[in-house]
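Descriptive analysis of the structure
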Amino acid sequence: MGNKYGAEWIFLDILKYNLKQIIQNKKNLNSKKIVFFGITETTNVAIELLKKDGIETYAIIDNNPSRRNMTLEDVNVYSPEELLNPYNKDIVIFIGTPYFNEMSHQVEKMGYYKNEQVFQFFDPIKMMEQYCVKDLKKVELNESKKIQLNILKYVRDLCEKNKLTYYLAYGTLLGAIRHKGFIPWDDDIDIYMPIEDIKKLYSLFKADDRYLMSMPGESNGYFYLYPRVIDTHTILNIVDFPLLIKSGISIDVFPIIGLGDDIQQAKYSIDSSYEQQRLIRNMISKKSDEESIKSQIKFMWDEYEKHNYLEEKYCGGIFGPYGYREIVQSKEFIECIPFTFEHEKFVGPIGYDEYLTQIYGDYMTYPPIEKRASSHIWEGYYCIEEEE
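Just so it is clear, the model here is predicted, and its values are computed rather than measured. (Residues numbered from 1 in each chain as written. Predicted model: local features only at pLDDT ≥ 70, side-chain atom pairs only at ≥ 80, totals over all residues. Heavy atoms only, no water.)

**So, the sheet that holds strand β2 (residues 33-37)**
Backbone hydrogen bonds hold the strands of a sheet together, and the pairing may be parallel or antiparallel. The test is simple: Two strands pair if DSSP finds at least two bridges between them. Counting from the N terminus, the helices are DSSP H or I runs at least four residues long and the strands are E runs at least two residues long. Any two residues whose heavy atoms approach within 4.5 Å are treated as being in contact. As a rule, the C-alpha atoms of each element are fitted with a line to give its axis, helices using only the stretch in contact, and angles between N-to-C directions run from 0 to 180 degrees.
Strand order across the open sheet formed by 6 strands is β4-β5-β3-β2-β6-β7, with mixed pairing between neighbours. For this open sheet the edge positions go to β4 (71-72) and β7 (118-120), each flanked by a neighbour on one side alone. On the sheet, helix α4 (residues 100-108) packs against β2, β6 (91-95) and β7 and is oriented at approximately 175° with respect to β7.

Right, dumping it as structure tokens:
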């Protein structure tokens, strides 16, 4: 990776301090039922830190219906309404997402008030403002989408020229079906690729290209578990607890792998993957040396490469946020078909309906207005002046 890209451990000490302050100020916390609102990496680490102090987490609540019945750090996930009604005076709610005001207002309607039973243990917005890039021209949202679209076109052209397989995935595929482009309130692009083809794609990028591919286990200072293709004319800081990620505007490339020949085996593969990811996250949170982290990531990728997504009955992504909902039958990906996205032609799986239904349920129905928002916390800037 170039010198301007990489990662810094900044936020771990801040989180530890914040939790210590809450514990000191909130007496008898051990006798309370601690509930985290929102599935984030901050939540993962906070649960572990509290456990080290002998404080157990009672439950996690999340507004995303696809996360119901999941477990995180051996803690069950519920909807807010399911867990918080009727009112329970013994519940204490911890929130560490960018949407503290909205989320605290949501639980306030059920009788839980800020600084009494609701606490902000981490503030990503404040951190982004404190550590954002200074004195550069900001990339506006519509410009960011255009930059990402150009990256996707570049990747598409490389794949077509070199006979590599890719598929539009997640919200990008949903956007292509429902909106013929970006979901209006979304701001990123995701694709699937087989691991073998991801490695081939990585080998095609040249040092003097405008676009840079950051590869797990290979690129220095890169700790994401899936690759990204970055526009090097841009730079941004991402609050990605516990790291401050120095990157550029990019698209995500998720590996699609074989998960097994029966549903129980597929679920076991998902569970095993999450355990491996948890191990790596713990290494990052404990500030292990970079080479050890990269070695563990590379080992994980080499193991996944042994499972061809078309040679087993079930396949799916293992780095997405949807748990068992990631599991689909491989026949849905047996063929690529064209879709229109922002007036350009790209490809996705022939079984797009089955895939999107598995991930999102009734995907053609719009979510409520209050939930039409991006979950990403970053601001991009131009580091090379663009021609008008």
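**What about helix α6 (residues 141-161)?**
The periodicity of an α-helix, 3.6 residues per turn, causes residues three or four positions apart to be oriented the same way. Using the following cut-off: Helix span, expected: 1.5 Å multiplied by one less than the number of residues in the helix. Exposure categories follow from relative accessible area, calculated using a 1.4 Å probe and restricted to protein chains: below 20% of the type maximum is buried, above 50% is exposed, and the middle band is partly exposed.
The end-to-end C-alpha separation of α6 is 30 Å, in line with the 30 Å expected for 21 residues at 1.5 Å each. Taken together, the buried positions of α6 are Ser 144, Lys 145, Ile 147, Gln 148, Leu 149, Ile 151, Leu 152, Val 155, Arg 156, Leu 158 and Cys 159. A positive phi of about 55° marks Lys 163, the residue just after α6.

**A word on helix α2 (residues 41-52)**
Selection rule: Pairs of N or O atoms are called polar contacts if they sit within 3.5 Å, as long as, within protein, a hydrogen donor faces a hydrogen acceptor (for residues adjacent in sequence, only side-chain-to-side-chain pairs).
Compared with an ideal rise of 1.5 Å per residue, which puts 12 residues at 16 Å, α2 spans 17 Å between its outermost C-alpha atoms and is within 8% of the ideal. Taken as a whole, α2 has its buried residues at Glu 41, Thr 42, Thr 43, Asn 44, Val 45, Ala 46, Ile 47, Glu 48, Leu 49 and Leu 50. Two to three positions downstream of the cap, the backbone nitrogen of Thr 42 sits 3.3 Å from a side-chain oxygen, assigning the N-cap of α2 to Thr 40. Following α2 by one or two positions, Gly 54 adopts a phi angle in the positive range, close to 80°.

**Brief notes about the state of the cysteines**
Under the convention used in this document: Disulfides are defined as cysteine sulfur pairs within 2.5 Å.
Enumeration over the complete set of coordinates arrives at 0 disulfides. Here Cys 159 stays unpaired: no disulfide links it, and the sulfur of Cys 336, its closest cysteine neighbor, is 9.8 Å away. Of the cysteine sulfurs around Cys 315, a residue in no disulfide, the closest is that of Cys 336, at 12 Å.

**Overview of the pattern of salt bridges**
Pairing of side chains with opposite charge becomes possible as their charged atoms draw close. Cut-off, in case you're wondering: Each reported salt bridge corresponds to a side-chain nitrogen of Lys or Arg within 4 Å of a carboxyl oxygen of Asp or Glu.
Under the criterion given, the structure shown has 17 salt bridges. Here Glu 344 makes a salt bridge to Arg 156, at a shortest N to O gap of 3.2 Å. Highlighted residues: Glu 344 in strand β18 (residues 344-349) and Arg 156 in helix α6, separated in sequence by 188 residues. In this structure Arg 156 comes out as buried when scored by relative accessible area, which is 10%. Its salt-bridge partner being Lys 200, residue Glu 196 comes within 3.5 Å of it at the nearest N-O pair. Highlighted residues: Glu 196 and Lys 200, both in helix α8 (residues 195-204), separated by 4 residues, approximately one helical turn. Several salt bridges share partner residues, and in doing so they unite Lys 153, Arg 156, Asp 157 and Glu 344 into one network.

**Focus: the packing of aromatic side chains**
Put simply, the test is: To pair, rings of Phe, Tyr and Trp, with the six-membered ring standing in for Trp, must have centres within 6.5 Å; the planes then decide the type, stacked if under 30 degrees apart, edge-to-face if over 60, and tilted in the middle. The rule is short: NZ of Lys or CZ of Arg within 6 Å of the ring centre and within 35 degrees of the ring normal puts a charge over the ring.
Tallying each qualifying case throughout the model produces 29 aromatic pairs. A centroid spacing of 5.4 Å and a plane angle of 50° characterise the contact between Trp 9 and Phe 223, whose relative ring orientation is tilted. Within this pair, whereas Trp 9 is found in strand β1 (residues 6-9), its partner Phe 223 is found in the loop between β10 (211-214) and β11 (228-231), the two being separated by 214 residues in sequence. Ring geometry for Tyr 322 versus Tyr 360: centroids 5.7 Å apart, planes at 75°, classification edge-to-face. Within this pair, whereas Tyr 322 is found in the loop between β15 (314-317) and β16 (328-329), its partner Tyr 360 is found in helix α11 (residues 352-360), the two being separated by 38 residues in sequence. Residue classification places Tyr 322 among the buried positions, given a relative accessible area of 12%. The exposure class of Tyr 360 is partly exposed, given its relative accessible area of 27%. In this structure, Arg 178 packs its charged tip against the face of Tyr 366, placed 4.7 Å from the ring centre.

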